[in-house]
Amino acid sequence: MISQINDIEEKMRIARLILESLFDWFEIPETREQYIKESADEIMVAAFEDDKPIGFLCLKETGKETVELAVMGVLQEYHRKGVGKSLFKFAKEIAVEKGYSFMQVKTVKMGVYDDYDKTNLFYQSLGFKEFEVFPLLWDEANPCQVYVMSLK
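Conventions and cut-offs
Residues numbered from 1 in each chain as written. Predicted model: local features only at pLDDT ≥ 70, side-chain atom pairs only at ≥ 80, totals over all residues. Heavy atoms only, no water. Helix = DSSP H or I, 4+ residues; strand = E, 2+ residues; numbered from the N terminus. Salt bridge = Lys/Arg side-chain N within 4 Å of Asp/Glu carboxyl O. Buried < 20%, exposed > 50% of the residue type's maximum accessible area, 1.4 Å probe, protein only.

Caption draft 1: Spatial organisation of unusual backbone geometry. The residue aspartate 50 is not glycine, and still its phi comes out positive at about 50°. Tracing the backbone shows aspartate 50 in the loop between strand E2 (43-49) and strand E3 (52-61). The backbone of arginine 80 sits at a positive phi, close to 65°, despite the residue not being glycine. Looking at the secondary structure, you find arginine 80 in the loop between strand E4 (66-74) and helix H3 (83-97).

So, in structure tokens, the structure goes:
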């Protein structure tokens, strides 16, 4: 089951539960805490199995016409089972209903880390297109790949 989460404390609880379980992707405590804190103010959708959160996705407005898939996490045992795709479809419908024209997402550039190559392929499978790479946005070891998609 997927639903939109509106309660601030619940958003932060879900984000913490999921992100702390995904150490390979969210290993830097300061960054992880920033995602958790920011989730309180973002549009959040979450997936549940037997009332237990198994994944979430947050959208953040980055401009009048643009929303960013700011953070997403699915418990590792649920990877490759359609949870992420279902979260995305639900969130995309919300973004369209709110009148956004574009969605963007940032990740580490393809070819740098195997785990992030899988992430890149996932975003591409959802319909995101490569927009630009910012080699130093985060740091030299993590060149930032920006993907975009039209919501119209």
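Once you've had a look at it, read on.
Caption draft 2: Main features of the pattern of salt bridges. For the structure shown, the criterion picks out four salt bridges. One salt bridge connects arginine 16 with glutamate 20, and the closest N-O pair in it is separated by 3.0 Å. Here arginine 16 and its partner glutamate 20 are both found in helix H1 (residues 8-21), four residues apart, which amounts to about one turn of the helix. With its nearest N and O atoms 3.0 Å apart, the salt bridge here joins glutamate 68 to lysine 106. Here glutamate 68, found in strand E4, pairs with lysine 106, found in strand E5 (residues 102-108); they are 38 residues apart in sequence, far enough to count as distant. Residue glutamate 68 is classed as buried on the basis of its relative accessible area, which comes to 7%. A residue is classified by how much of its surface remains accessible, and lysine 106, at 28% relative accessible area, is partly exposed. Shared partners join several salt bridges into a network, and the residues in it are Arg16, Glu20 and Glu33.

Geometric values such as these leave the question of function open.
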